[in-house]
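Working through the structure, step by step
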Amino acid sequence: MQEILSIKDLKTYFHTEDGIAKAVDGISFNLYKGESLGIVGESGCGKSVTAFSILKLLPEQTAFIEHGEIIFEGNDIVKMDKVQMRKIRGNRISMIFQEPMTSLNPAYTCGNQVTEVFKTHLGISNAEADTKAVELLKRIGVPSPEQRMKEYPHQLSGGLRQRIMIAMALACKPDILIADEPTTALDVTVQSQILELIKSIQEETGMSVMLITHDLGVVAETCSRVIVMYASKIVEEGTTDEIFYNPKHPYTKSLLKSIPRLNEELDRLPVIEGTVPSSLNYPEGCRFASRCPIAGEECTMNDPERIRISETHFASCFKIN
Ligand SMILES: Nc1ncnc2c1ncn2[C@@H]1O[C@H](COP(=O)(O)OP(=O)(O)O)[C@@H](O)[C@H]1O
Ligand SMILES: [Mg+2]
């Protein structure tokens, strides 16, 4: 497996009124060519900030990369300037955002927004960009694309808007697609259509996909490898089989227990007791210790090291046997 992106000890912090928020706090992982990597974890654990760091879409006033490297084709994205980033963003690495309504511009027609991507990255004429946009929308299953191109984002359903976003993200056949909760706001049918769509485009172009989600079911269906994040760190990493059939970290185990199973009638889903510590004030030691059913004394004192379980499987926990 050849890596296309290599993240090394990345720390992305924010200045806030209440102090420094350690949104991403020393994570390392590789993304390999052609793979689908799932990034999972509860809300607030640093998934989106990881994605925004890779694309340098962090708010300039408050965010800073405190430490680390993001190596893309031998070059460190952390050190790149705006001009270099513009060549990469949308062109080599693109992103589908969590909330399509806020990331499409309400003042422009959908057609305008898709063709803009082509014009910016390929330097082609309006007419050529129009033709390409219609072709692309057709491919991703947007009905009557010529008509849709003339419409504004608010005139479309959530599912169609998300397809327009995907069209924009895929317009330049990126090497890496980062999809941040791409289907969270959508109903189940549209959700699986969109995941199928991403999969089929991936098979065709060989792009690498980083799929960020809090939905483990989506990961099981879509990804070959999984990273589990908790409180701004990676707690476990493995193939999808390893994570689902042989989870090692107590947090991963709790997450898996909280997936609803088919035919299982529960009044209420089991949730993990307790709350995630604030990124403004992480405790010493393992950050999961306060919620962990098997935590011992050392867990609240020292940072657990990353333990190798197999060539592809790692977990950071003192209690792995
Ligand atoms: N603009 C910001 N300013 C301050 N803190 C932020 C900002 N964005 C995110 N954070 C904090 O960083 C942490 C990780 O957030 P995020 O990456 O959005 O989580 P996730 O996507 O996993 O739900 C959270 O504690 C969040 O409060
Ligand atoms: Mg998020």
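Definitions and limits used
- Along each chain, residue indices are assigned from 1 in the same order as the chain's sequence is written.
- Chain labels run from A onward and ligand labels from 1 onward, assigned in the order the entries are written.
- Under the rules for a predicted model, residues below a pLDDT of 70 receive no local features and side-chain atom pairs below 80 are neither given nor counted, while totals for whole chains, interfaces and linings still include all residues.
- We call a residue near a molecule or strand if the C-beta atom, set from the backbone, is within 6 Å of it.
- Each helix is a run of DSSP H or I of at least 4 residues and each strand a run of E of at least 2, with the numbering of both proceeding from the N terminus.
- For this classification, the nonpolar set comprises Ala, Val, Leu, Ile, Met, Phe, Trp, Tyr, Cys and Pro, the charged set comprises Asp, Glu, Lys and Arg, and every other residue, Gly included, is treated as polar.
- Each domain's limits were defined by an automated method or a database of domain assignments.
- Contacts here follow a simple rule: the backbone-placed C-beta atoms of the two residues must lie within 7 Å.
- The term nonpolar core means buried Ala, Val, Leu, Ile, Met, Phe, Trp, Tyr and Cys residues held together as one set by C-beta atoms within 7 Å.
- Here the C-beta atoms are placed from the backbone, and a residue counts as buried if at least 20 other C-beta atoms lie within 10 Å of its own, exposed if 12 or fewer do, and partly exposed otherwise.
- One bridge is not enough; two strands pair if DSSP finds at least two bridges between them.
- Only the stretch in contact is used when a helix axis is fitted, and all axes are lines through C-alpha atoms; the angle between N-to-C directions ranges over 0 to 180 degrees.

Some details on the site of ligand 1
- Taken together, 15 residues are adjacent to ligand 1, and A23, K47, S48, V49 and S279 come closest.
- Sorting the residues of the shell around ligand 1 by element identifies strand 1 (3-16), strand 2 (19-32) and helix 1 (47-54) as the ones contributing at least two each.
- Here the shell around ligand 1 gets three residues from one element, more than from any other, and that element is helix 1.
- Of the residues that constitute the shell around ligand 1, the class distribution is six nonpolar, eight polar and one charged.

Structural notes on the domain arrangement of the chain
- The domains assigned to the chain are domain 1 (3-92 + 175-316) and domain 2 (99-171).
- Inter-centroid distance (C-alpha atoms) of domain 1 to domain 2 is 28 Å.
- Counting residues at the interface gives 10 residues for domain 1, matched by 11 residues for domain 2.
- Residue contributions to the side of domain 1 that touches domain 2 peak at four residues, all from helix 8 (residues 188-205).

Remarks on the nonpolar core
- Of all hydrophobic cores here, the largest spans 81 residues; its most connected members are V114, A167, I176, I178, M210 and V228.
- Per element, the largest residue contribution to this core is eight residues, and it comes from helix 7 (residues 158-170).
- When residues of this core are assigned to domains, at least three map to each of domain 1 (3-92 + 175-316) and domain 2 (99-171).
- Setting aside residues up to four positions removed in sequence, I178 forms contacts with A51, I54, I93, M95 and M210.

Section: the sheet that holds strand 9 (residues 225-230)
- Across the sheet, eight strands lie side by side as 6-7-8-3-9-10-12-11; this open sheet has mixed pairing. Every other strand in the sheet has two partners, leaving strand 6 (93-96) and strand 11 (306-308) as the edge strands with one partner each. For this sheet, the mean inter-axis angle between neighbouring strands, taken without regard to orientation, is 20 degrees.
- Summarising the sheet, strand 11 and strand 12 (residues 314-316) pair through three bridges and their orientation is antiparallel. Counted as the bridge partner of I307 is A315 from strand 12.
- Along the sheet, helix 1 contacts strand 3 (36-40), strand 6, strand 7 (176-180), strand 8 (208-213) and strand 9; its crossing angle with strand 7, the most-contacted strand, is approximately 150 degrees.
- Seen against the sheet, helix 11 (residues 250-257) touches strand 3, strand 9 and strand 10 (233-239) and runs at an angle of roughly 105 degrees to strand 9.

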